[in-house]
Amino acid sequence: MLRFRSLGSGSTGNATLVEARSEGRTSRLLIDCGFGIRELDKRLARAGLAASDIDAVFITHEHGDHIGCARNLSKRDRIPVWMSEGTWLANGGHDYEGRLRLARDGMAIDVGELQVRPFTVPHDAREPLQLRCSDGNRTLGVLTDLGHVTPHVIGQLQKVDALLLEFNHDVDLLAASAYPPFLKLRVGGNYGHLSNSAAAEIARTLLHDGLRHVLAAHLSEQNNRPDIVRRLMAEALGGAERDMLTADAAEGSAWLDL
Ligand SMILES: [Zn+2]
Ligand SMILES: [Zn+2]
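Predicted model only: the values in this text are computed from it and were never measured. (Residues numbered from 1 in each chain as written. Chains lettered and ligands numbered in written order. Predicted model: local features only at pLDDT ≥ 70, side-chain atom pairs only at ≥ 80, totals over all residues. Heavy atoms only, no water.)

Chemist: I'd like to hear about the overall build of the protein, residue by residue, with values.
Modeler: Within the protein, the secondary structure is distributed over nine helices and 14 strands. Over its C-alpha trace the protein gives a radius of gyration of 17 Å, about what one expects of a compact globule, namely 18 Å for 258 residues. Viewed in the frame of its principal axes, the protein has a C-alpha envelope of about 45 × 40 × 35 Å. Out of the 258 residues in the protein, the part that is buried amounts to 57%. Relative to all contacts within the protein whose residues are 6 or more apart in sequence, the contacts with residues 24 or more apart total 62%. Accessible surface for the protein amounts to roughly 11000 Å². Of this, 47% is attributable to carbon and sulfur atoms. Distance between charge centroids for the protein: 3 Å, based on 29 positive and 34 negative side chains. (Helix = DSSP H or I, 4+ residues; strand = E, 2+ residues; numbered from the N terminus. Rg over C-alpha atoms; globule rule 2.2 N^0.38 Å. Buried < 20%, exposed > 50% of the residue type's maximum accessible area, 1.4 Å probe, protein only. Contact = heavy atoms within 4.5 Å. Areas by Shrake-Rupley, 256 points an atom, 1.4 Å probe, with all protein chains shown as cover. Lys, Arg positive; Asp, Glu negative; His and termini not counted. Charge placed at Lys NZ, Arg CZ, Asp CG, Glu CD.)

Here you go:
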């Protein structure tokens, strides 16, 4: 069985738990740990877990809302940390006491019962990767922090059973916001973040009969609103707005089973 849960998502911090269970064995991957270590501990506790329950961490890119406490966590709990070489170098090339694992686009990574396949996305980081995770039966796609969608991204996410998908901003709210012009250009640019309409288009493209959950993530607290996201999701996926799922910055989401 595969299940996942956001521990919080937004520009102030992101972390997602993915868990696979098979024949009495359980494997857990933490994707990003963009919080301080005490805050991460609290969020793990709310999910019924401790850091020692995590088998590996995967860092998607070096931005602070994703890499957060990776070094401290790895050191304290002796957890291996996967990231691209570019992410590692951009973050200072630190020593992970032998627990650093380098990932690259297309690589097949096993974390116990979980099979992880990273893929490249266009974002203003050095070598950002997003993920496809499977227990050999069900598959979760994780896609945040990208400025636009590419054929490569769509190719990697075909037939996923669940999708954690960035709905970063509403273009009108971003244009009208108090953000300085350079930041508006960065966020809305080709190497920034997905607008709601771009995300809805991706959801529409990846929709198939087996798609059980779409969890909207990385919503901007200033340039977006959950009700706008839910309306667009309902239009793209079919179904009622009240049934559409958005990850919260403070609370994340419930466990979602596949
Ligand atoms: Zn981010
Ligand atoms: Zn980023």
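From this point, the discussion proceeds with the structure in view.
Chemist: Report on the nonpolar core, specifying residues and quantitative values.
Modeler: Inside soluble globular proteins, nonpolar side chains tend to come together where they are buried. Counting 29 residues, the largest nonpolar core has L143, L157, L163, L165, F167, M233 and L237 as the members making the most contacts within it. Top contributing element to this core by residue count: helix 9 (residues 226-237), with seven residues. Not counting chain neighbours up to four residues away, the residues in contact with L163 comprise L140, G141, L157, L206, L211, H213, V214 and L215. Membership of the second largest hydrophobic core comes to 27 residues, among which are I109, L114, C133 and L164. (Core = buried A, V, L, I, M, F, W, Y, C linked by side-chain atoms within 4.5 Å.)

Chemist: How would you explain the environment of T246 if you had to name every residue and give the values?
Modeler: Inspection of the secondary structure assignment puts T246 in strand 13 (residues 245-246). When the C-alpha positions of T246 and C133 are compared, they lie 20 Å apart, and in sequence the two are 113 residues distant. Excluding anything up to four places from it in sequence, T246 contacts L215, A216, L219, P226, V229, R230 and G252. At 3.4 Å, the side chain of T246 and the side chain of R230 are in polar contact. (Polar contact = N/O pair within 3.5 Å; in protein donor to acceptor, adjacent residues only side chain to side chain.)

Chemist: I'd like a description of the coordination of the zinc ion (ligand 2), backed by residues and values.
Modeler: Listed as protein donors to the zinc ion (ligand 2) are H61 (NE2), H63 (ND1), H123 (NE2) and D145 (OD); their distances from the metal cover 2.2 to 2.5 Å. Coordination at the zinc ion (ligand 2) is irregular, judged from the four donor atoms that bind it and the angles of 90 to 169 degrees they form at the metal. Between the two metal centres, the zinc ion (ligand 2) and the zinc ion (ligand 1), the spacing is 3.5 Å, with D145 acting as a shared donor. Of this pair, H123 sits in the loop between strand 8 (114-120) and strand 9 (129-134) while D145 is found in the loop between strand 10 (139-143) and helix 5 (151-156), placing the two residues 22 residues apart along the sequence. Here H123 matches D145 in class, with each residue buried. (Donors = N, O, S within 2.8 Å, 3.2 Å for Na, K, Ca; no water. Tetrahedral: all angles 85-135°; square planar, octahedral: opposite > 155°, others 65-115°.)

Chemist: So, the coordination of the zinc ion (ligand 1): which residues are in play, and what are the values?
Modeler: The coordination sphere of the zinc ion (ligand 1), as far as protein atoms go, consists of D65 (OD), H66 (NE2), D145 (OD) and H218 (NE2), spread over 2.1 to 2.3 Å. Given four donor atoms and angles of 91 to 164 degrees at the metal, the environment of the zinc ion (ligand 1) is assigned as irregular. Going along the chain, you hit the donors of the zinc ion (ligand 1) in the pattern D-H-x78-D-x72-H.

Chemist: Let's hear about the sheet that holds strand 6 (residues 100-103): which residues, and what values?
Modeler: The sheet built from seven strands is open, its strands ordered 6-5-4-3-2-1-14 with mixed pairing. Strand pairing shows two members of the sheet lacking a second neighbour, strand 6 and strand 14 (256-257), which therefore form its edges. The strands that helix 1 (residues 37-46) touches are strand 1 (2-8), strand 2 (15-22) and strand 3 (25-31); relative to strand 1, the one it contacts most, it runs at about 140 degrees. (Pairing = 2+ DSSP bridges. Axes fitted to C-alpha atoms, helices over the stretch in contact; angles between N-to-C directions.)

Chemist: A description of the pairing of strand 10 should follow, citing residues and the corresponding values.
Modeler: Of all five residues in strand 10, five are buried, a share of seventy percent or more. Taking every second residue as pointing to the same face, both faces of strand 10 are buried, with T139, G141 and L143 on one and L140 and V142 on the other. Judged from the four bridges that link them, strand 9 and strand 10 form a sheet pairing that is antiparallel. When the sheet's bridge partners are listed, S134 is paired in strand 10 with T139.

Chemist: Help me get a handle on the side chain of H218, residues and values and all.
Modeler: By secondary structure assignment, the location of H218 is in the loop between strand 12 (213-217) and helix 9. Under the relative-accessibility criterion, H218 is labelled buried at 2%. A polar atom in the side chain of H218 sits 3.1 Å from the side chain of D65. Polar contacts involving the side chain of H218 include one to the side chain of H66, which spans 3.4 Å. With residues near it in sequence (within four places) discarded, H218 still touches S9, G10, S11, N14, D65, H66, T144, D145, E166, F167, N168 and H193.

Chemist: How would you explain the pattern of salt bridges if you had to name every residue and give the values?
Modeler: Summed over the entire model, instances satisfying the criterion amount to 14 salt bridges. When the shortest N-O distance is used, the salt bridge between R28 and E19 registers 2.7 Å. Neither residue differs from the other here; R28 and E19 are each classed as buried. In this structure, D77 and R76 form a salt bridge, with 2.7 Å as the shortest nitrogen-oxygen distance. Taken together, the shared-partner salt bridges in this structure form one network comprising R3, E19, R21 and R28. (Salt bridge = Lys/Arg side-chain N within 4 Å of Asp/Glu carboxyl O.)

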